[in-house]
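# Architecture and fold: a report
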Amino acid sequence: MGEIKSGEKTRVLVVGATGYLGKRIVRAFLAEGHVTYVLQRPEIGLDIEKVQLLLSFKKLGARLVEASFSDHQSLVSAVKLVDVVVSTMSGVHFRSHNILVQLKLVEAIKEAGNVKRFLPSEFGMDPSRMGHALPPGRETFDQKMEVRQAIEAAGIPYTYVVGACFAAYFTGNLSQMETLLPPKKEVNIYGDGNVKVVFADEDDIANYTSKTLNDPRTLNKTVYVRPPNNVLTHIELVQIWENLTGNELEKTNITAKDFLSNIEHMEIPQQAGLGHFYHIFYEGCLTDHEVGEDEEASSLYPDVKYKRMDDYLRMFL
């Protein structure tokens, strides 16, 4: 499973290409010049949005390859076409939760024997640090670890890209739950609002991922997306918005106890989301550990001009 020769174009297969992050990753790979294959699953049926998205990728130069998770041999054939496999299958409870389906992909990669790098679906909190997480949100981390263990047991070379809050879910709404737009008058602040959090534009996460594929520095490593200008406390994020609008919001500090007080009475997806918010904003799970320059995306790839959160918030003015 040798490294990709420098100067050779990387052939990459994206699984989960029509998903929230997947579609950005496909576009980033094409822009980077990777020979990009996109898995097309027969189960797509009448999902017109997904079909049209696949056709739009084809127009941009992607190659569609048909395979199904219920047909092992079709997966092996798809994997044999490429050097790198990237999975962006959903791991959040309010969308589809498909993390363990990747075990079938691991089996196919193992059998094919030609893949030089596998990037499983990560892109969020580092699951290796989340053994203590609250249920049911913990399931996401446990399952990601199960996939990691299978990858490493099979001796498949890997890169894990982790570490930031997606801006569309956490920045535009000033990290308020149950909305994606900025509040007009009042804002809830988690705890004292001074815990450091990492925010990143999803397109930047896609661009960093694209850079890691054939980088020998990221082989069998975890890469953290932690752009220094986007490491902000909750209060700092709110203040950026207040400075942009010239409008001060009425703030309510929510204690950890109050934040979790109704968790048992919620539906499972809401419970999972609440738990994840708790670990990010009260415990500081994205920033409670040191990350070296050789494992942080923005220092590995300074040519990616990442979007700062003040620029991101200008969209909402």
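Further up the page is the structure itself.
Residues numbered from 1 in each chain as written. Predicted model: local features only at pLDDT ≥ 70, side-chain atom pairs only at ≥ 80, totals over all residues. Heavy atoms only, no water.

Counting through the fold element by element, threonine 222 comes out in strand S10 (residues 221-224). The buried category is assigned to threonine 222, whose relative accessible area is 18%. Non-local contacts of threonine 222, meaning those with residues more than four positions away in its chain, are made with Asp126, Arg148, Tyr160, Val162 and Glu295. (Helix = DSSP H or I, 4+ residues; strand = E, 2+ residues; numbered from the N terminus. Buried < 20%, exposed > 50% of the residue type's maximum accessible area, 1.4 Å probe, protein only. Contact = heavy atoms within 4.5 Å.)

Moving on to the environment of serine 77. Here serine 77 is to be found in helix H3 (residues 72-79). On the accessibility criterion, serine 77 (45% relative accessible area) is partly exposed.

Before going further, it helps to spend a moment on helix H5 (residues 138-153). Structurally, the α-helix is built with 3.6 residues per turn, so residues lying three or four positions apart point the same way. Compared with the 22 Å implied by 1.5 Å per residue over 16 residues, the 22 Å span of H5 between its first and last C-alpha is a close match. Burial in H5 covers these residues: Thr140, Phe141, Gln143, Lys144, Val147, Arg148 and Ile151. When H5 is viewed along its axis, its buried side chains cluster within an angular range of 165° and face the same direction. Exposed side of H5, more than 90 degrees from the buried face: Gln149 and Ala153 are the residues found there. In this fold, the buried residues of H5 make contact with helix H4 (102-112), strand S5 (117-119), strand S6 (159-162), S10 and helix H10 (268-283). (Expected span 1.5 Å × (residues − 1). Arc of directions from axis to C-beta.)

On to the sheet that holds strand S7 (residues 165-166), then. Backbone-to-backbone hydrogen bonds join strands into a sheet, with any given pair of strands oriented parallel or antiparallel. The sheet built from three strands is open, its strands ordered S7-S9-S11 with mixed pairing. The strands lining the two open edges of the sheet, one partner per strand, are S7 and strand S11 (231-233). Examined bridge by bridge, S7 and strand S9 (residues 196-200) share two bridges and lie parallel to one another. From the neighbouring strand, phenylalanine 166 faces S9, where its bridge partner is alanine 200. Packed onto the sheet, helix H8 (residues 234-245) meets S9 and S11 and runs at close to 90° relative to S11. (Pairing = 2+ DSSP bridges. Axes fitted to C-alpha atoms, helices over the stretch in contact; angles between N-to-C directions.)

Now for the environment of isoleucine 268. Checked against the element boundaries, isoleucine 268 lands in helix H10. According to the relative accessible area criterion, isoleucine 268 is partly exposed, its value standing at 47%. Here the alpha-carbon distance between isoleucine 268 and valine 12, two residues 256 residues apart in the chain, equals 35 Å.

Overall, the coordinates contain 13 aromatic pairs when judged by the stated rule. Taking 5.0 Å as the distance between ring centres and 50° as the angle between the ring planes, the aromatic pair formed by tyrosine 190 and phenylalanine 281 counts as tilted. Taken together, the positions of tyrosine 190 in strand S8 (residues 186-190) and phenylalanine 281 in helix H10 put the pair 91 residues apart, joining distant regions of the chain. The class for tyrosine 190 is buried, based on a relative accessible area of 5%. Note on phenylalanine 281: relative accessible area 3%, which makes it buried. Note on tyrosine 190 and tyrosine 282: the rings are 6.1 Å apart at their centroids and 55° apart in plane angle, and the pair reads as tilted. Taken together, the residues tyrosine 190 in strand S8 and tyrosine 282 in helix H10 connect sequence positions 92 residues apart. Classification of tyrosine 282 as buried rests on a relative accessible area of 17%. Aromatic rings pair up to connect Phe170, Tyr190, Phe259, Phe277, Tyr278, Phe281 and Tyr282 into one cluster. Above the ring of tyrosine 20, the side-chain terminus of arginine 24 is found at 4.6 Å from the ring centroid. (Phe/Tyr/Trp six-rings, centres within 6.5 Å; stacked < 30°, edge-to-face > 60°. Lys NZ or Arg CZ within 6 Å of the ring centre and 35° of its normal.)

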